[in-house]
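# Descriptive structure summary
Here are the chains, one letter per residue:
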Amino acid sequence: MSSLPPFFSCLPVTCDFETLIGDDSKFCSGNLRVIYPNLGEVSCIYIPNCFGYSESIIKVWGPPWIKFSKAIPEMMYVLMMVDPDVPSRFHPIYRHQRHWLVSDIPGHVLLKGREVTGKVLSPYHRPNPPAETGYHRYQFLLYMQIPGVTPSLLPSEEHLESWDVNAFVLRCIPEDPVATTQFMIQHPDNGIIIHDAEYILFGKN
């Protein structure tokens, strides 16, 4: 009977979903839940580089579902997704990169925790952390929309990088977010490497 090559014993058979710690965990507030249907909830965790999860989020899957259990059904909300770590967390000269911006989201939609519906101000762009830049934070901020005020992007905000989030909020939603969360993910090439029958998992930056 043939046996498996030694390196197969080094392949991961389970995924460890590690919770964010320290200041990164403090960003998560209000019980805002981000859910990729093929993976599950990713709020306030590191995305593990196994079973193709990180590669799927970066290259394959569309926008996540969003659930906010405290949403008021008759109110409208604004959701933004940004990466503050461009090109890297330790040299973020192009923060923030806008990955998603939706206004006019009905509260009853957020209560269901399904696909986000509303006015798309900036289409969903998948997380795209470059190789060798470590973990990037992908932050979700949910605001209650002021009745009678329709948020919009200025022509000067056409570019996704170096987006002035504070200026947009002050102009369109002069309130604090009602909930925030984030997940962290790195390029798949920075994660699991199998070399000479050894299993290596690079540490978090």
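Everything below is about the structure printed above this text.
Now for a description of the structure that goes with this document. Model, not experiment: these values are computed from the prediction.

### A look at the overall build of the protein
Of the regular secondary structure elements, the protein holds four helices and ten strands. Helices and strands appear in the protein in the N-to-C order α-β-β-α-β-β-β-α-β-β-α-β-β-β. Long-range pairs, those at least 24 residues apart, make up 75% of the contacts in the protein with a sequence separation of at least 6.

### Observations concerning the side chain of D83
With respect to the secondary-structure elements, D83 resides in strand β4 (residues 76–83). Comment: no salt bridge for buried D83; closest opposite-charge side chain is R137, at 6.5 Å. A distance of 2.9 Å separates polar atoms of two side chains, one belonging to D83 and the other to H136. Setting aside anything within four residues of it in sequence, one finds D83 in contact with H96, Q97, H99, H136, R137 and Y138.

### Some remarks on the sheet that holds strand β1 (residues 32–36)
Spatially, the three strands line up as an open sheet ordered β2-β1-β3, and their pairing is antiparallel. The open sheet terminates on both sides in strands that have one partner only, identified here as β2 (40–41) and β3 (65–68). Two elements, β1 and β3, share four bridges in a ladder whose sense is antiparallel. Counterpart to R33 in the pairing with β3 is K67.

### Considering the sheet that holds strand β7 (residues 136–144)
Spatial ordering of the open sheet is given by β6-β5-β4-β7-β8, a layout of five strands whose pairing is antiparallel. Edge positions in the open sheet fall to β6 (119–122) and β8 (179–185), since each of these has one partner strand only. With direction set aside, neighbouring strand axes in the sheet form an average angle of 15°.

### Points about the nonpolar core
Ranked by size, the top nonpolar core spans 32 residues in total, and within it I66, W100, F140 and F183 carry the most contacts. Counting only elements with at least two residues in this core, the list comes to β1, α2 (53–59), β3, β4, β5 (97–106), β7 and β8. Ignoring sequence-local partners within four residues, the contact set of I66 consists of L32, R33, V34, L79, W100, V109, L110, G113, R114, V116 and F140. In terms of nonpolar packing, the next biggest core, distinct from the first, is built from 13 residues, L121, L141, Y143 and V169 among them.

### Details of the state of the cysteines
In total, this model carries two disulfides according to the counting rule given. Disulfide pairing places C15 opposite C50 at an S-S distance of 1.7 Å. Here C15, found in the segment before α1 (22–26), pairs with C50, found in the loop between β2 and α2; they are 35 residues apart in sequence, far enough to count as distant. In this structure, C15 and C50 share a single accessibility class: buried. Shown here is the disulfide that connects C28 with C44, its sulfur atoms set 2.3 Å apart. In this structure the cystine formed by C28 and C44 twists about its S-S bond by roughly 100°; its chirality is therefore right-handed. Placement of C28 in the loop between α1 and β1 and of C44 in the loop between β2 and α2 is noted, with a sequence separation of 16 residues between them. With a relative accessible area of 22%, C28 lands in the partly exposed category.

Criteria and cut-off values
- Residues numbered from 1 in each chain as written.
- Predicted model: local features only at pLDDT ≥ 70, side-chain atom pairs only at ≥ 80, totals over all residues.
- Heavy atoms only, no water.
- Helix = DSSP H or I, 4+ residues; strand = E, 2+ residues; numbered from the N terminus.
- Contact = heavy atoms within 4.5 Å.
- Buried < 20%, exposed > 50% of the residue type's maximum accessible area, 1.4 Å probe, protein only.
- Lys, Arg positive; Asp, Glu negative; His and termini not counted.
- Salt bridge = Lys/Arg side-chain N within 4 Å of Asp/Glu carboxyl O.
- Polar contact = N/O pair within 3.5 Å; in protein donor to acceptor, adjacent residues only side chain to side chain.
- Pairing = 2+ DSSP bridges.
- Axes fitted to C-alpha atoms, helices over the stretch in contact; angles between N-to-C directions.
- Core = buried A, V, L, I, M, F, W, Y, C linked by side-chain atoms within 4.5 Å.
- Disulfide = S-S within 2.5 Å.

Note that every value here comes from positions in space, so none of it alone points to a role or purpose.
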